[in-house]
Amino acid sequence: MRKPVVLITGANGEIGHGLIDYFSHQTHQDIVALDLHPLDEQLQRHCHASIVGDIVDQNLLQRLVSEFEIHAIYHLAALLSTRAEYTPDAAHAVNVNGTLNLLKLAHEQARWHGNTVKFLFPSSIAAYGLPDRAAKTDAGRVTETEFAFPRTMYGCNKLYCEQLGRYFSDHFRQLAQDPAPSGVDFRALRYPGLISAQTAPSGGTSDYAPEMLHAAARGEPYNCFVDPEVVIPFMAMPDAIDGLVRLAEADAGKLRQRVYNVTAFSPSAGQIREEVLRHFPDAQIGYEVDLPRTRIVDSWPADVNDTPARQDWGWAPRYDFESAFRDYLVPGISRTAQQSHG
Ligand code: NAD
Ligand code: SER
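Predicted, not measured: the structure shown is a model, and the values here were computed from it. (Residues numbered from 1 in each chain as written. Chains lettered and ligands numbered in written order. Predicted model: local features only at pLDDT ≥ 70, side-chain atom pairs only at ≥ 80, totals over all residues. Heavy atoms only, no water.)

Moving on, we come to the site of ligand 2. Around ligand 2 sit Leu80, Ser81, Ser124, Tyr154, Gly204, Thr205, Ser206 and Trp300, and that is every residue in its neighbourhood. Taking Ser81, its side chain carries an N or O atom lying 2.5 Å from an oxygen atom of ligand 2. For ligand 2, whose unbound accessible area comes to 230 Å², protein coverage reaches 92%. Under a 2 Å grid-point criterion requiring more than half of the atoms, the pocket assigned to ligand 2 is the largest pocket. Within the shell around ligand 2, the residues separate by chemical class into three nonpolar, five polar and no charged. (Near = heavy atom within 4 Å. Polar contact = N/O pair within 3.5 Å; in protein donor to acceptor, adjacent residues only side chain to side chain. Areas by Shrake-Rupley, 256 points an atom, 1.4 Å probe, with all protein chains shown as cover. 1 Å grid on protein atoms, 1.4 Å probe; cavity = no way out; pocket = protein on both sides within 12 Å on 5 of 7 lines; lining within 4 Å. Sits in = over half its atoms within 2 Å of the grid points. Nonpolar A, V, L, I, M, F, W, Y, C, P; charged D, E, K, R; others polar.)

Quick look at the structure:
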């Protein structure tokens, strides 16, 4: 008998940490964690199995299929936007081919056990592409269907994978003699930049916000790579996890879209710096603007319209800008620092 499990790819990343921690406090789920890197030890005890491997490796995925009965996939593994821009071929291989491999795996699993496989996909504001800062200011809160002209390899990968997911769920093998649903229930969130108290990011372009904060907490100087006027939406990690889990649990009949915007607050880089300084008055935060990276951030919207998520499945972030710092980030970072010193 194969074991019924939930598969989390990219489990050792920032969202993976938050998601496994969340599941560890909820009703029991057998988690199979997959990542290129070994899973953090404190997460391993919450998982049924933790596998080191590459989502591009078809043999590895076939082995998973033979060992486990997968009922839901949280597909988090990806190369983020800055890293993807430096290694576009590798990004395409992981972000697109890897996602296609997992969609095929989900379909195969659904066929085997006869139940739908939920496929949760964290997309991104990087799927948008606005021409410049002035256009972005004019655009205001953008809906899911506007400005779908990403300027990064990562954004192109995300946008295409949203479409692939829609294809698998709604139009799979439509010209087959006996067309049958794929059994994949694809659901995606377009996340803004995420900020975690537990982990520091790497390889993203929204990283300036969490980097400023984590450097201040460590007592290290930091130079922000975008100018103070730059604005994109952000969210505290617990809300990102809550959104993912709520979307997974939502009644399929209520979901009118496969891809939903979610957001929490939209501070400028200058406002983030001020908020960090309010909590860490000795922090040294300057600016060393990287123009190409700034242009990428400027191609992402300043705000997104998340009304469909609020209406269809009750999306409502717990933290606004001030409470995210006051009630989650600052106390969480201090606790994490104490634990690592103690
Ligand atoms: P992360 O970089 O912290 O984690 C990604 C994980 O994927 C890493 O542990 C990495 O080792 C793993 N990975 C990379 N390539 C792999 C491969 N070929 N096979 C197996 N594992 C591989 O990123 P994160 O912040 O946890 O992001 C998770 C997902 O959420 C990604 O899809 C990302 O695009 C998306 N997302 C993140 C943000 C954000 O601000 N953090 C915003 C929007 C969307
Ligand atoms: N926060 C991510 C990045 O900067 C966007 O998904 O790459």
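An order of β3-β2-β1-β4-β5-β7-β11 is seen for the seven strands of this open sheet, with the pairing classed as parallel. The sheet is open, and its two borders are formed by β3 (49-52) and β11 (259-261), each paired with just one other strand. Neighbour-to-neighbour, the strand axes of this sheet turn through a mean angle of 20°, independent of strand direction. With four bridges connecting them, strand β2 (residues 31-35) and β3 associate as parallel partners. (Pairing = 2+ DSSP bridges. Helix = DSSP H or I, 4+ residues; strand = E, 2+ residues; numbered from the N terminus. Axes fitted to C-alpha atoms, helices over the stretch in contact; angles between N-to-C directions.)

What follows deals with the pattern of salt bridges. Taken as a whole and assessed by the stated rule, the structure comprises 16 salt bridges. Asp303 is the partner of Arg141 in a salt bridge, and the nearest nitrogen-oxygen pair spans 3.6 Å. Taken together, the residues Arg141 in strand β6 (residues 141-142) and Asp303 in strand β13 (residues 303-304) connect sequence positions 162 residues apart. Residue classification places Arg141 among the partly exposed residues on the basis of a relative accessible area of 42%. Look at Asp303 and you get partly exposed, because its relative accessible area is 22%. Note that Asp185 is salt-bridged to Arg258, the shortest N-O span being 3.2 Å. With a gap of 73 residues between them, Asp185 in strand β7 (residues 184-191) and Arg258 in the loop between α9 (237-249) and β11 connect regions that are remote in the sequence. Asp185 sits in the buried class, given a relative accessible area of 12%. One salt-bridge network, in which partners are shared between bridges, spans Arg133, Lys136, Asp227 and Asp298. (Salt bridge = Lys/Arg side-chain N within 4 Å of Asp/Glu carboxyl O. Buried < 20%, exposed > 50% of the residue type's maximum accessible area, 1.4 Å probe, protein only.)

Close contacts around ligand 1 come from 26 residues, with Ile15, Asp35, Asp54, Tyr154 and Lys158 the closest. A distance of 2.9 Å separates an oxygen atom of ligand 1 from a polar backbone atom of Ile15. Summarising the interface, the protein chains cover 92% of the accessible area of ligand 1, which totals 820 Å² for the free molecule. When atom positions are compared with the pocket grids, ligand 1 is found to occupy the largest pocket. Among the elements that line the shell around ligand 1, the one with the most residues is strand β5 (residues 117-124), at three residues. The class makeup of the residues in the shell around ligand 1 is 13 nonpolar, nine polar and four charged.

With that settled, the discussion passes to the packing of helix α5 (residues 88-113) against helix α7 (residues 153-170). One can describe the packing of α5 onto α7 by two numbers: an axis separation of 10 Å at closest approach and a directional angle of 15°. Judged on the interaxial angle alone, α7 and α5 are roughly parallel. Crossing of α5 against α7: the hand is right-handed. Where α5 approaches α7, its residues Pro88, Ala91, His92, Asn95, Val96, Thr99, Leu100, Leu103, Lys104 and His107 are matched on the opposing element by Met153, Tyr154, Asn157, Tyr160, Cys161, Leu164, Gly165 and Phe168. The residue inventory of the contact of α5 with α7, partitioned by class, reads 11 nonpolar, six polar and one charged. (Parallel < 35°, antiparallel > 145°, perpendicular 65-115°, else oblique. Left-handed = near helix turned anticlockwise from the far one by under 90°. Contact = heavy atoms within 4.5 Å.)

Shape descriptors only; they carry no functional weight alone.
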